[in-house]
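# Topology and contacts: notes
The primary structure of each chain is shown beneath.
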Amino acid sequence: MRRAFLIAVISPGAALAVVACSVGPDYTPRSAADLGVPPTWSVRAAPTPEDLTRWWQRFDDPVLGRLVEQAASANLDVAQAIARLRQAREAMIQSRASLLPSLSGSGGYSRSETLRGGGQTITLPDGTVQNIGGGGGANNFSLGLSGSYQLGIFGEVRRTVEASRADYQASGFDYATTLLSVEQEVARNYVLARLYQAQLANARASLALQEDNLEIAGFRVQAGLVSSLDLEQARGQRAQTAATIPTLEQQYNAAVSRLGVLTAQAPGALKPLLVAARPIPNGPALVGAGIPADVLRQRPDVRAAERSLAAATARIGVAEAALYPNLAISGNIDARANTVGSILDTVTGGLFAGLTQAIFDGGKLRSQVRGQRAAADAALAAYKSTVLTALEDIENAVVALDTARRREVELTTAYRAADAAAILSRSQYRTGLTDFTTLSQQEAALLSARNGAAQARADAATALVQLYGALGGGWDASAVPEAPPRAAAAAPLTQPAPTAGNP
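Residues numbered from 1 in each chain as written. Predicted model: local features only at pLDDT ≥ 70, side-chain atom pairs only at ≥ 80, totals over all residues. Heavy atoms only, no water.

## Topic: the overall build of the protein
Here is the rule we go by: Counting from the N terminus, the helices are DSSP H or I runs at least four residues long and the strands are E runs at least two residues long. With a 1.4 Å probe rolled over the protein chains alone, any residue whose accessible area is under 20% of its type maximum counts as buried; one over 50% counts as exposed, and the rest are partly exposed. Should any heavy atoms of two residues lie within 4.5 Å, those residues are considered in contact. Residue exposure ignores everything except the shown protein chains as possible cover, and the areas themselves are Shrake-Rupley values with a 1.4 Å probe.
Of regular secondary structure, the protein possesses 10 helices and eight strands. For the protein, buried positions account for 40% of its 503 residues. Summarising the internal contacts of the protein: among those between residues at least 6 apart in sequence, 83% fall at separations of at least 24. Surface exposure of the protein reaches about 25,800 Å², of which carbon and sulfur atoms provide 56%.

## Remarks on the pattern of salt bridges
Selection criterion: Here, a salt bridge means any Lys or Arg side-chain nitrogen found within 4 Å of an Asp or Glu carboxyl oxygen.
A full pass over the atoms with the stated rule returns 21 salt bridges. Three or more residues are tied together by salt bridges with common partners; here these are Asp26, Arg159 and Glu162.

## What to know about the packing of helix H4 (residues 156-222) against helix H10 (residues 436-470)
Helix-helix packing is characterised by the crossing angle of the two axes and by the distance between the axes. Just so we agree on the cut-off: Helix axes are fitted only over the stretch in contact, all axes being lines through C-alpha atoms; the angle between N-to-C directions runs from 0 to 180 degrees. Each angle gets one of four labels, with under 35 degrees taken as roughly parallel, over 145 as roughly antiparallel, 65 to 115 as roughly perpendicular, and the rest as oblique. Just so you know the grouping, Ala, Val, Leu, Ile, Met, Phe, Trp, Tyr, Cys and Pro go in nonpolar, Asp, Glu, Lys and Arg go in charged, and all remaining residues, Gly too, go in polar.
It is at 10 Å that the axes of H4 and H10 come closest, and there the two elements cross at 170 degrees. The angle between H4 and H10 falls in the class roughly antiparallel. Here the contact of H4 with H10 is composed, by residue class, of 14 nonpolar, 10 polar and three charged.

## Focus: unusual backbone geometry
Phi is positive for Asp60, close to 55 degrees, though the residue is something other than glycine. Counting through the fold element by element, Asp60 comes out in the loop between helix H1 (2-19) and helix H2 (62-74). A relative accessible area of 68% means that Asp60 is categorised as exposed. One non-glycine residue, Ala264, lies in positive phi territory at about 60 degrees. Among the structural elements, Ala264 can be located in the loop between helix H5 (228-262) and helix H6 (271-274). Note on Ala264: relative accessible area 36%, which makes it partly exposed.

## Observations regarding the sheet that holds strand E5 (residues 326-337)
Inclusion rule: Note: two strands are recorded as paired if DSSP finds a minimum of 2 bridges between them.
Strands sit in the order E1-E4-E5-E6 across an open sheet of four strands; the sheet is antiparallel. Only two strands of the sheet have a single neighbouring strand rather than two, namely strand E1 (102-113) and strand E6 (347-356). Taken pair by pair, the neighbouring strands of this sheet meet at an average axis angle of 15 degrees, ignoring direction. In this structure, E1 lies alongside strand E4 (residues 137-150), joined through 12 bridges in antiparallel fashion. In the strand pairing of E4, Ser104 is matched with Ser146.

## Remarks on the nonpolar core
We apply this condition: Definition of nonpolar core: a set of buried residues of the types Ala, Val, Leu, Ile, Met, Phe, Trp, Tyr and Cys, connected through side-chain atoms within 4.5 Å.
In terms of nonpolar packing, the biggest core is built from 76 residues, with Trp55, Phe59, Leu67, Val186, Leu274, Val387 and Leu471 touching the most fellow members. Of all the secondary-structure elements, those providing two or more residues to this core are H2, helix H3 (76-97), H4, H5, helix H7 (292-296), helix H8 (300-321), helix H9 (364-430) and H10. The contacts of Leu471, once residues within four sequence positions are left out, are Leu52, Val287, Gly288, Ala289, Val295, Gln298, Arg299 and Ile394.

## Section: the packing of aromatic side chains
Worth spelling out the cut-off: Stacked, edge-to-face and tilted are the three classes for Phe, Tyr and Trp ring pairs, Trp counted by its six-membered ring, which pair at centre distances within 6.5 Å; planes under 30 degrees apart are stacked, over 60 edge-to-face, the rest tilted.
Counted according to the given criterion, the structure contains seven aromatic pairs. Note on Tyr109 and Phe141: the rings are 4.9 Å apart at their centroids and 40 degrees apart in plane angle, and the pair reads as tilted. Taken as a pair, Tyr109 in strand E1 and Phe141 in strand E4 lie far apart in primary sequence, 32 residues in all. Site record: aromatic cluster; members linked through ring pairs are Trp55, Trp56, Phe59 and Tyr468.

## Quick notes on H9
Rules: Multiply 1.5 Å by the residue count of a helix minus one, and that product is the helix's expected span.
The first and last C-alpha atoms of H9 sit 92 Å apart over 67 residues, in line with the 99 Å expected at 1.5 Å per residue. Residue Gly432 follows H9 closely and has a positive phi angle near 80 degrees.

## Focus: the side chain of Thr241
Topologically, Thr241 is positioned in helix H5. Exposure remark for Thr241: the relative accessible area of 5% places this residue in the buried category. Ignoring anything within four residues of it in the chain, the contact list for Thr241 reads Ala203, Ser206, Leu207, Gln210 and Leu447.

## Notes on the side chain of Asn202
Mapped onto the secondary structure, Asn202 falls in helix H4. Dropping the residues within four chain positions of it, Asn202 is found in contact with Leu447, Arg450, Asn451 and Ala454.

## Focus on H10
With 35 residues, H10 ought to run about 51 Å at 1.5 Å a step, and its terminal C-alpha atoms sit 50 Å apart, in line with that. Where H10 ends, the next residue or the one after it, Gly472, has phi of about 80 degrees, a positive value.

## Side note on the environment of Ala83
The residue Ala83 is located in helix H3 in this model. Sequence separation between Ala83 and Pro484 is 401 residues, and the spatial gap between their C-alpha atoms is 9.3 Å.

Now the structure itself:
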């Protein structure tokens, strides 16, 4: 009997769901032309695309690679993004549950006792009436099963599932965006740490030379060859150089501390790892940018914006479905008896189908439809804005890298010239062929040129990191990020990307 009842409840709903229609617009992916994507770049860029999934390996710096990968698995911003992705997955699962009937069961037991009256009476020989009880008590056992099904004949349930699925995918791409941002921040701070190490080495080397100059100036003053002006100039120059060292040490400490926090460690945890100075990382001179439309598919922020538009479009259908009738079916089965063994002797059931339709609501439902259409328009504008911003990021990064490379060449030449001039000036001062002012100027120019060359190398490395990030490097763009189980929340699983959507 129960099986027949369930079939009676579920089968009509399943049949109606098949013939039901989904109101509201179907989402249509926008083409590259609709989004204003040009066929080629406006700047000179290598057309051949590259696999940038692990772009940090192109710097050939194992310490950098270790830090980036540690941050990718342990960073707390990434952990928060994964938690939000898991929340979005559960929201999708909850919305999908509305496609199926809901069933619930119940069971109960009760007993009643007569506390006063209701018993049997007898008359004694002397005529006295006496109550001898006998009212007793009664047991009551019950079982019940109820079911309900929201048919959603105009597609409100399916549109809700569609929207929640798009939200889940958008959350996956948001996670990837956070991951890429963290990877780039690690690389930038690592470059800064190595730059400050180089500048500290430059300052200390110049300080050693200036201490030597101070000693030479002292000897020449004692010998009466020069005035004490040279000695005071030498002392002042040394002090100026020494004063730059604490600032550089503070900046180096800040960069290393930031790396520690980015890798979910205490600020000073990485100091032993970075204490040994290494050169500023230097990557390849050219990076293949590929075709704009293809590159945009590598950008998780662009794909997240596209999925947000899909979700907003689906919610128009949810709002429109509220304008039409809503059909729900519910039913129940109940069994009651005084003993457990006889509880199934008598079984009753009921079936109810209800249809509701809004008649007057003061224009509320139609206003909600208009509101959702406005939200979809806003999502489309945000999608286009994200696409154009991505194109801007890429072209600016290409130009920044080219500029940094050219500056690095020129500043390296300037450093070599300043080094040669300082050596010559120092030799001439020792032999009395030039004054200390000239030597001081050449020493200052040398320190400035050394720092300029180091800064140019760091700018080139930073520009390369920026370009890798602008191109969407740092994740597997061929897969949609999936929420992992809680125990493995450090690194989401992936599944093949659906063939939906252009950039």
